[in-house]
Amino acid sequence: MTVDAGTQQERVAGRVWTVRLDPYGRPSTGTVRLSCSRPACPDQRFTDGAAAARKAAVAHVNLHLARIRAGGGPRGEAWCACRVADCAWHTPDPAVGARGSTRPTAESGTARCGGPVALTVYADRTGRLWRIAEMCTRCAAAIADCRVLDTAVPPARAVPAGTDQPATTPVGTTGDGVAAVFSDHHPSPATSASPATTPVPCARTTSPDGTPRRAKRWGKIAQRIVPHDLEPDVLRLELIDLGDAFRAYQQRTEPDLALLAELHERKARAFRLWADASGDGSLRHEAQRAEKAAQTTREMHANRSGQPAGATADDAGPVVERLLTRQQAVHARAVLDYAQAHAPRPEAEAHLAVLMLTLRAARAGVGNITGQDLTGWLQDDAERVLQQLVDTDWLRLPGTVAEVMASRPENPIAVTVPALLPDQPRPFTFGKTTRARISGWAQKAVGDRKLRKKKASAATRLLALYTAAHTRPDGHLGHPEDGGLHLDKAAAFCALPAEQVGEHVELLVAAGWLAEVDISEGQLHGQLTERVLPLAGLL
């Protein structure tokens, strides 16, 4: 309905399409009913299971979306459908309290709605309800699992009679008036469409003194439009720059966790200032989330680089990509201790086989091995050691030892470690991803190319593993307060007399595994060489 000049067209409520699945009839029949809020869409019933019903519901939603887009997409002059529903679709503001206490309504002037009207689709996580709606971008950002598909151009502002202002097309729009919005390419327009029906003055193109008026930068961050009139202006520009920086980071081919942590810290500071300037409690909640994200990102960076959070390169040693995080290194040392305590034979070869097989079967008591694995660990002793483990009932095979030794990578053999079966007390608490990482770490250490070239014995390989697992971030062995590794503990793990550890240390030095080695007062001092620093399991 057109009104007098100087006023806008009367706004209409945003459209809503709701598609849902419900049980129908007796529960034993398993019948599911698909219903749509549009009267023209008849109910459908499915007797072949919920999966078929969900597939049909998704197809029905896509059909409506195609029709909406063919009809011009979201309408810029529409009211936010979420606001019409008393903003009951999204979670309450944590600073306000329970929903309904101060929840804004369509009649109130304190709504949190803002931004252009968007075409959104929401699907609940149980797969029973889908909702297509025209709503503002701010409400869409506050609804979990809600996706913005298209964004409408804000309604055109009326030009008072007698003015000579030319009609213009908003920047970034297509010929049919629908804006193309991509969060990782271009920010959205910052001008929010007001839900009020009062006249809106036209935009001025010149300042009062007649000079051309320069348009302010616009931007978006965390699916929030940065208000064009936000003060101080330096805060507005920081928020816009941050939004652009986050979008640029999303386009990186390689992650940079140090940079990402810095962006989250800047976001936390900016959102706290924004909350103070606007009084919006949700902004302060967003700032707290950014602080937690920055801390988590710093910890991830420390785990990957081996450099403690807050430490500098001078006090943390070289920054390298580690195979294990600090927590994974803790689990790795637990496996090493378990293998030492539960090896059924006192020889170093048995200790090494028990360790590697424990890593393969740590989760379910069953693991796959091949003859190539065994010969890589134990060379010519593999068949003998495997038979010893079977004879002591520490290991069970589905066939003979000869069949295991003949197995190939394309046809591995599943072996069983009875002590690690699920019906036994579980000695480890890590998950399958950590198990795979620790197993890969041990395999790289035992199969080190220079150790193979030197034809290192099982005891030497065990000592290499032990030193890698007990290393500080700077590559030195042992805890700082200890000053090194205790020879008696290292000897017990390697199944060696303490006086023979030195011989194997010399072999590790010759293989380029250890450097600056010194044995004195019952301790082994030294550090890992640069080439094996990625294998260091940080203490």
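What counts and how
Per chain, the residues get numbers from 1 upward, laid out in the order the sequence is written. A pLDDT threshold of at least 70 governs which residues receive local features in this predicted model, and a stricter bar of 80 or more applies before side-chain atom pairs are shown or counted, although totals over entire chains, interfaces and linings include all residues. Where side-chain values are given, they derive from all heavy atoms of the structure, hydrogens and water being excluded. Note on exposure labels: buried denotes an accessible area under 20% of the residue type's maximum, exposed denotes more than 50%, and partly exposed covers the range between, all computed with a 1.4 Å probe on protein chains only. The way it works is that DSSP assigns letters per residue, a run of H or I at least four long becomes a helix, a run of E at least two long becomes a strand, and they are numbered from the N terminus. A pair of strands is labelled paired if DSSP reports no fewer than 2 bridges between them. In predicted models, pLDDT denotes the confidence assigned by the predictor to each residue on a 0 to 100 scale. Any two residues whose heavy atoms approach within 4.5 Å at even a single point are treated as in contact. The residues that make up patches have over 30% relative accessible area and no salt bridge, and they are joined within 9 Å when like-charged or within 5 Å when they are Val, Leu, Ile, Met, Phe, Trp or Tyr. To be clear on the numbers: accessible area is Shrake-Rupley with a 1.4 Å probe, and residue cover counts the displayed protein chains and nothing else. A carboxyl oxygen of Asp or Glu within 4 Å of a side-chain nitrogen of Lys or Arg is what we treat as a salt bridge. Multiplying 1.5 Å by the helix residue count minus one yields the expected span of that helix. Lines fitted to C-alpha atoms define the axes here, with helix axes fitted over just the stretch in contact, and angles between the N-to-C directions of these axes take values from 0 to 180 degrees.

**Student:** What am I meant to see in the pairing of strand S4 (residues 117-123) here?
**Tutor:** The side chains of a regular strand alternate, first on one face of the sheet and then on the other. Of all 7 residues in S4, 6 are buried, a share of seventy percent or more. Pairing geometry for S4 and strand S5 (residues 129-136), over 7 bridges, is antiparallel. Note on S5: the bridge partner recorded for Tyr122 is Arg131. Here S4 folds back onto S5, and the loop between the two strands holds 5 residues, one of which, Gly127, carries a positive phi near 70°. By the bridge criterion, 5 bridges tie S4 to strand S6 (residues 146-152) in an arrangement that is antiparallel. Looking at S6, one finds that Ala118 is bridged to Thr151.

**Student:** Would you take a moment to explain the confidence of the model for the chain for this structure?
**Tutor:** When pLDDT is averaged along the chain, the result is 80, and 78% of the positions lie at 70 or above. Within the chain, the lowest mean pLDDT, 40, falls on strand S7 (residues 178-179), and the highest, 95, falls on helix H9 (residues 348-361). With pLDDT under 50 throughout, residues 94-111 is counted as low confidence; its partners more than four residues away or in other chains account for 27 contacts. This model gives residues 162-206 a pLDDT under 50, and the stretch forms 67 contacts once residues within four places in sequence are excluded.

**Student:** What should I look at first to understand a nonpolar patch on the surface in this one?
**Tutor:** A cluster of nonpolar residues, Val509, Val517 and Ile519, forms a patch on the protein surface that exposes about 190 Å² of accessible area. Judged by relative accessible area, Ile519 falls into the partly exposed class, the value being 37%.

**Student:** Is there a simple way to explain helix H5 (residues 257-278) in this structure?
**Tutor:** Helical geometry: 3.6 residues make up each α-helical turn, so side chains three or four residues apart lie on a common side. With 22 residues, H5 extends 31 Å from end C-alpha to end C-alpha; this agrees with the ideal 32 Å at 1.5 Å per step. Directly after H5, the chain includes Gly279, whose backbone phi takes a positive value near 75°.

**Student:** Quick question: what am I supposed to make of the sheet that holds strand S14 (residues 523-528) here?
**Tutor:** The strands making up a sheet associate through backbone hydrogen bonding, with each pair oriented either parallel or antiparallel. Spatially, S12-S14-S13 is the arrangement adopted by the 3 strands of the open sheet, whose pairing is antiparallel. With one partner strand each, in any of the chains shown, strand S12 (485-486) and strand S13 (514-520) form the two edges of the open sheet. In terms of strand pairing, S13 meets S14 through 5 bridges, oriented antiparallel. The residue bridging Ser520 from the neighbouring strand is Gln523, located in S14. Across the sheet, helix H17 (residues 501-510) lies against S13 and S14, angled at about 165° from S13, the strand it touches most.

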